[in-house]
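So the chains spell out like this:
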Amino acid sequence: ELAQLSFLSYLELFTNTFTGTVPTELGRWTSLTDLYIQNNGLTGSVSDIFCANGRTWNNFVSDCAAVSGTVEIDCTCCTVCCNAISYVADCQGVVF
């Protein structure tokens, strides 16, 4: 159950085969300051709860860079936007 992990501050979920939308539960974890969800099959918009109340992220990395004019994840508060097709080229400089 994701809800029971609310104390986490750092979570790496990148380079898996996750599909669907970004779970809203992750945005409710106020102690979470570093979230890496890029290079998956996630799509849609990141819930407003991720960006609410002036929340700041050390690192919030997702596939929010356009691929052929299409954005996989719409994220207004991500710190780095990757491109799942050319992952390495678009995410250089990201510290993991």
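A short tour of the structure in this document, coming up. (Residues numbered from 1 in each chain as written. Predicted model: local features only at pLDDT ≥ 70, side-chain atom pairs only at ≥ 80, totals over all residues. Heavy atoms only, no water.)

Brief notes about the overall build of the protein chain
In terms of regular secondary structure, the protein chain is built from 2 helices and 10 strands. Across the protein chain, helices and strands are ordered from the amino to the carboxyl terminus as β-β-α-β-β-β-β-β-β-β-β-α. The buried share of the protein chain, reckoned over its 96 residues, is 36%. Here the analysis covers contacts within the protein chain between residues at least 6 apart in sequence; of these, 45% occur between residues at least 24 apart. Accessible surface, the protein chain as shown: approximately 5,300 Å² in total, 52% of it carbon and sulfur. (Helix = DSSP H or I, 4+ residues; strand = E, 2+ residues; numbered from the N terminus. Buried < 20%, exposed > 50% of the residue type's maximum accessible area, 1.4 Å probe, protein only. Contact = heavy atoms within 4.5 Å. Areas by Shrake-Rupley, 256 points an atom, 1.4 Å probe, with all protein chains shown as cover.)

Considerations on the sheet that holds strand β1 (residues 10-12)
Taken together, 4 strands build an open sheet; the order of strands is β1-β3-β6-β10 and the sheet is parallel. Since the sheet does not close on itself, it has two edges, and those belong to β1 and β10 (80-81), each with one partner. As judged from the 2 bridges shared by strand β6 (residues 59-62) and β10, these two strands associate in the parallel manner. Of the residues in β10, the one forming a bridge with Ser-62 is Cys-81. (Pairing = 2+ DSSP bridges.)

Concerning the environment of Glu-12
Secondary-structure assignment places Glu-12 in strand β1. Spatially, the C-alpha atom of Glu-12 lies 8.0 Å from that of Asp-34, the residues being 22 residues apart in sequence.

What about the state of the cysteines?
One pass over the structure, following the stated rule, counts 3 disulfides. Shown here is the disulfide that connects Cys-64 with Cys-81, its sulfur atoms set 1.9 Å apart. Between Cys-64 and Cys-81, the S-S torsion sits near -95°, and that sign places the bridge as left-handed. Placement of the pair is Cys-64 in the loop between β6 and β7 (66-67) and Cys-81 in strand β10, with a sequence separation of 17 residues. Looking at Cys-64, the relative accessible area reads 9%, which means it is buried. (Disulfide = S-S within 2.5 Å.)

Structural notes on the nonpolar core
Among the nonpolar cores identified, the biggest contains 17 residues, and Val-22, Leu-35, Phe-50, Phe-60 and Cys-75 are the most heavily contacted of them. Leaving out residues up to four positions away in the same chain, Cys-75 has contacts with Val-46, Phe-60, Ser-62 and Cys-64. (Core = buried A, V, L, I, M, F, W, Y, C linked by side-chain atoms within 4.5 Å.)

Side note on the packing of aromatic side chains
Applying the stated criterion to the full structure yields 5 aromatic pairs. Aromatic side chains Tyr-10 and Tyr-36 sit 5.6 Å apart centroid to centroid with 50° between the ring planes, which places their arrangement in the tilted category. Of this pair, Tyr-10 sits in strand β1 while Tyr-36 sits in strand β3 (residues 34-36); the two residues are 26 residues apart in sequence, bridging distant segments of the chain. Owing to a relative accessible area of 37%, Tyr-10 belongs among the partly exposed residues under this scheme. (Phe/Tyr/Trp six-rings, centres within 6.5 Å; stacked < 30°, edge-to-face > 60°.)

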